[in-house]
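Results of the structural survey
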Amino acid sequence: FYPGCVSRGAAPELFMATIEVCRKIGIDLAFEPMKGASCTGAGVLQEKNQRLGDTLNARTFALAEQTGMPLMNICSTCQGVMSQAEYRLEDEEYRAQINETLAEEGLKYTGKTPTRHILWIIVEEIGEKKFKALVKRQLEGLRLAPFYGCYLVRPSKALKFYEKPERETCLEDLTEWVGATVVDFPGKTACCGFPIVTINEKASLKMVGNHTSTAKDLGAAAMVTPCPLCHLNLDQYQDRAAWMMEREIDLPIIHVPQLVGLALGLDPEELKINKHVISTKKLLSEICLLYTSPSPRDGLLSR
């Protein structure tokens, strides 16, 4: 389990929701989150020094290989950067050069341990039939906007869309599996604005405002993203984006494991869905209204 940086820092609700969901759907996190693994570089490091970035990721892959298990992550930015590193490391000469550096720690990357986002694992490994059998709380009538961001959709070759075409629509598929209605909008595969928030805040806020207001105007009750960096920007800066646009938006942004957890019947408190900047109370109320007699133990309306 490679949790990445953000879920252990700025978005701890994602980490906690992932642990709870994995217990429910049969993903065995047999070890503690990977110790000693570094940040992927988030694409920023690679712009300055690609080989250093690839070395850091190859080191993480090599650590995973020592466990004999595949590597799961919960951040689409991590997945995108890791996939690009894996793609470049298919070159034997380049991999040998990287392994010379890793040898100083007694590590070696062979490419035998794949890296996969939890969203991919749910769609590809668990599959529709098994997943639907686990759903306890159908979210029929709930309108949700998918937001992939950048790294889980391109470059498609490194992400192996040619081998796994379902990855191109995996977020929409999962949304439908929980019974919700997909609110499609053109910005779902665009940048959220996070990479430029510190150097051009106005442009970043414009991106946040455009994405969230478009989804809201199309009738979305919430937006779902597999990327905690996208979540941070779309949730944390939404109020400021709304102020800049001189309009109300108020669109909750939820993590993929939180969506899955709600469908599995987990209590929102277990999923830490009440820890977001944009309130999720209205969203949870909508979910409760889907049931004529919500259980007093459901806890949805209390938060």
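Heads up: these notes are all about the structure in this document. (Residues numbered from 1 in each chain as written. Predicted model: local features only at pLDDT ≥ 70, side-chain atom pairs only at ≥ 80, totals over all residues. Heavy atoms only, no water.)

1. A short note on the overall build of the protein
In terms of helices and strands, the protein carries twelve helices and six strands. For 303 residues, the compact-globule estimate of 2.2 N^0.38 gives 19 Å, and the C-alpha radius of gyration of the protein, at 19 Å, lies within 12% of that figure. Along the three orthogonal principal directions, the C-alpha set of the protein runs to about 60 × 45 × 35 Å. Buried residues in the protein amount to 54% of all 303 residues. Look at the contacts in the protein between residues 6 or more apart in sequence, and 77% of them connect residues 24 or more apart. Counting only carbon and sulfur atoms, one obtains 50% of the accessible surface of the protein, whose full area is about 13900 Å². Positive and negative side-chain charges of the protein, numbering 35 and 38 respectively, have mean locations separated by a distance of 2 Å. (Helix = DSSP H or I, 4+ residues; strand = E, 2+ residues; numbered from the N terminus. Rg over C-alpha atoms; globule rule 2.2 N^0.38 Å. Buried < 20%, exposed > 50% of the residue type's maximum accessible area, 1.4 Å probe, protein only. Contact = heavy atoms within 4.5 Å. Areas by Shrake-Rupley, 256 points an atom, 1.4 Å probe, with all protein chains shown as cover. Lys, Arg positive; Asp, Glu negative; His and termini not counted. Charge placed at Lys NZ, Arg CZ, Asp CG, Glu CD.)

2. Brief notes about the pairing of strand S5 (residues 222–225)
With burial as the criterion, each face of S5 is covered, one bearing Ala 222 and Val 224 and the other bearing Met 223 and Thr 225. With three bridges joining them, strand S3 (residues 143–146) and S5 adopt parallel strand pairing. From the neighbouring strand, Ala 145 faces S5, where its bridge partner is Met 223. Relative to strand S6 (residues 253–255), S5 is paired through three bridges, and the arrangement is parallel. Residue pairing in the sheet places Met 223 in a bridge with Ile 253 of S6. (Pairing = 2+ DSSP bridges.)

3. A look at the sheet that holds S6
Strands in a sheet are paired, the pairing made by backbone hydrogen bonds, and the direction either parallel or antiparallel. With respect to topology, four strands assemble into an open sheet ordered S4-S3-S5-S6, the strand pairing being parallel. The two strands at the open ends of the sheet, each matched to only one other strand, are strand S4 (181–182) and S6. Relative to S4, S3 runs parallel, the two sharing two bridges. Residue pairing in the sheet places Leu 144 in a bridge with Val 182 of S4.

4. Examining the environment of Gln 79
Along the polypeptide, Gln 79 turns up in helix H4 (residues 76–88). Distance in space between the C-alpha atoms of Gln 79 and Arg 116 is 6.8 Å, their sequence separation being 37 residues.

5. Section: helix H3 (residues 50–67)
In this model H3 runs 26 Å from its N-terminal to its C-terminal C-alpha over 18 residues, within 8% of the 26 Å that 1.5 Å per residue would give. For H3, the full list of buried residues reads Gly 53, Asp 54, Thr 55, Asn 57, Ala 58, Arg 59, Thr 60, Phe 61, Ala 62, Leu 63, Ala 64 and Glu 65. Turning to H3, the residues buried within the fold contact helix H2 (44–48), strand S1 (71–73), H4, helix H5 (92–102) and strand S2 (115–117). Phi turns positive, to about 75°, at Gly 68, one or two residues after H3. (Expected span 1.5 Å × (residues − 1).)

6. Brief notes about the packing of helix H6 (residues 118–134) against helix H7 (residues 170–177)
For the pair H6 and H7, the least separation of the axes is 11 Å and the interaxial angle reads 30°. Classified by the interaxial angle, the pair formed by H6 and H7 is roughly parallel. Seen along the crossing, H6 lies across H7 with a hand that is left-handed. When H6 is examined against H7, the residues Leu 119, Trp 120, Ile 122, Val 123, Gly 127, Glu 128, Phe 131 and Lys 132 are found in contact with a partner set consisting of Cys 170, Leu 171, Leu 174 and Trp 177. (Axes fitted to C-alpha atoms, helices over the stretch in contact; angles between N-to-C directions. Parallel < 35°, antiparallel > 145°, perpendicular 65-115°, else oblique. Left-handed = near helix turned anticlockwise from the far one by under 90°.)

7. Thoughts on unusual backbone geometry
Going from Arg 154 to Pro 155, the amide bond is cis rather than trans, its omega being -5°. Phi is positive for Glu 246, which is not a glycine, with a value near 55°. In this fold, Glu 246 is placed in the loop between helix H10 (238–245) and S6. For Glu 246, a relative accessible area of 73% gives the class exposed. The phi dihedral of Asp 250 falls on the positive side, at around 55°, and the residue is not glycine. Position of Asp 250 among the secondary structure elements: in the loop between H10 and S6. By relative accessible area, Asp 250 is classed as partly exposed at 35%.

8. Points about the side chain of Thr 113
Mapped onto the elements of the fold, Thr 113 is located in the loop between H5 and S2. Beyond its immediate chain neighbours, meaning those up to four positions away, Thr 113 contacts Ala 64, Glu 65, Met 69, Pro 70, Leu 71 and Glu 86.

9. Quick notes on a nonpolar patch on the surface
On the surface, a nonpolar cluster with roughly 340 Å² of combined accessible area is contributed by Trp 243, Met 244 and Met 245. With respect to the helices, strands and loops of the structure, Met 245 is situated in helix H10. A relative accessible area of 30% means that Met 245 is categorised as partly exposed. (Patch = residues over 30% accessible without salt bridge, like charges linked within 9 Å, V, L, I, M, F, W, Y side chains within 5 Å. Salt bridge = Lys/Arg side-chain N within 4 Å of Asp/Glu carboxyl O.)

10. Some remarks on the pattern of salt bridges
Evaluation of the coordinates by the stated rule reveals eleven salt bridges. Of the charged contacts in the structure, one is a salt bridge between Glu 90 and Lys 160, with a shortest N-O distance of 3.4 Å. Placement of the pair is Glu 90 in the loop between H4 and H5 and Lys 160 in the loop between S3 and H7, with a sequence separation of 70 residues. For Lys 160, a relative accessible area of 25% corresponds to the partly exposed category.

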